[in-house]
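Understanding the architecture of this molecule
Residue-level listing of the chains:
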Amino acid sequence: MNIILFGPPGAGKGTQGDYLVKDFNLFKISTGDLLRKEIDNKTSLGNEIKSIIERGSLVSDNITNRLIENVLSDKKYYNRLIFDGYPRTINQTQKLDEMIIKYDQKISCVLSLKVDQEIVTKRILGRQICSKCGLIFNKFFNPPKVVENKCEHDLTTRSDDNVDIIKKRFKTYHQETLPILSYYQKQNLLHEIDGMKEIGIIYKEIGGIIKGLDTWLYIIYLYNEQ
Ligand code: AMP
């Protein structure tokens, strides 16, 4: 069972994905994180894509599809992936379907987080990421709490989280990514979720959907809850 988290920038895909990973023993794959890692490591791919990401455009389908195939083909993640930020174009959607067949896997649901652009802009501007553990926080809505013996959170922000680039990313989302939704709706995979609610309430709804998909996942959830 693989899950797609869908929504515009700042919808909370990363945060909800982190919760799902913990409760259901799944793996989150964020193309944004993979691409930023290439930039941080100053690889040749990183140098190629840095300016594309910084101006809020999409990286080429070839590059993102290749990154996804590297993970999808790895048996360690077999049928246990949460896609965050992929697919983002029709081409990526078709390519993902091909890869799912090639590696004998399944997409069980697409969770679409619906949000208001103005409010989400504030969310994005408050986003903070721990450079040590990768957890995502928000200085307005979800400030970090340091738990004893755990990471002390060295917080950073993203270079594309500024007002002008956010506008561009929303435009790109509406033009290139939103049309994908009808593709998944036709396959009865789509669940629409009000992403404006409080993080815990959204997660309750999402968790309920996932538990209902697969008895085995429900058992894992009960086990992790103890
Ligand atoms: P995100 O972390 O998902 O907000 O992505 C940050 C940036 O990485 C995006 O604005 C794009 O430039 C790039 N990116 C992430 N995922 C994809 C994708 N699936 N296709 C193309 N570009 C992507």
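One can find the structure itself at the top, above this paragraph.
My aim in this report is to walk through the structure given alongside it, one point at a time. Since the structure is predicted, the reported quantities are computational estimates derived from the model, not experimental observations.

Our next topic: the nonpolar core. Phe83, Leu96 and Tyr184 are the most contacted members of the largest nonpolar core, which has 21 residues in total. Of all the secondary structure elements, the ones that give two or more residues to this core are β1 (2–6), α4 (61–72), β3 (81–84), α5 (90–102), β4 (107–114) and α8 (180–186). Non-local contacts of Tyr184, meaning those with residues more than four positions away in its chain, are made with Ile4, Pro87, Thr93, Leu96, Ile107, Val110, Leu189 and Leu190. Grouped together as the second largest cluster of nonpolar side chains are 20 residues, Ala11, Leu20, Tyr203 and Ile206 included.

Read from one edge of the open sheet, 3 strands run β6-β5-β7, paired in antiparallel fashion. The open sheet has two edge strands, β6 (136–138) and β7 (155–156), and neither has a second partner. Bridge count for strand β5 (residues 127–130) against β6 is 3 bridges, and the pairing is antiparallel. Of the residues in β6, the one forming a bridge with Ile129 is Ile136.

Those residues of helix α10 (residues 215–225) not exposed but buried are Leu217, Ile220 and Tyr221. Viewed along the axis of α10, the buried residues span an arc of 100°, placing them on a single side of the element. Turned more than 90 degrees off the buried face of α10, the exposed positions are Thr215, Trp216 and Tyr223. Contact partners of the buried residues in α10: α1 (13–24) and α9 (199–213).

Thresholds, definitions, all that
Residues numbered from 1 in each chain as written. Predicted model: local features only at pLDDT ≥ 70, side-chain atom pairs only at ≥ 80, totals over all residues. Heavy atoms only, no water. Core = buried A, V, L, I, M, F, W, Y, C linked by side-chain atoms within 4.5 Å. Buried < 20%, exposed > 50% of the residue type's maximum accessible area, 1.4 Å probe, protein only. Helix = DSSP H or I, 4+ residues; strand = E, 2+ residues; numbered from the N terminus. Contact = heavy atoms within 4.5 Å. Pairing = 2+ DSSP bridges. Arc of directions from axis to C-beta.

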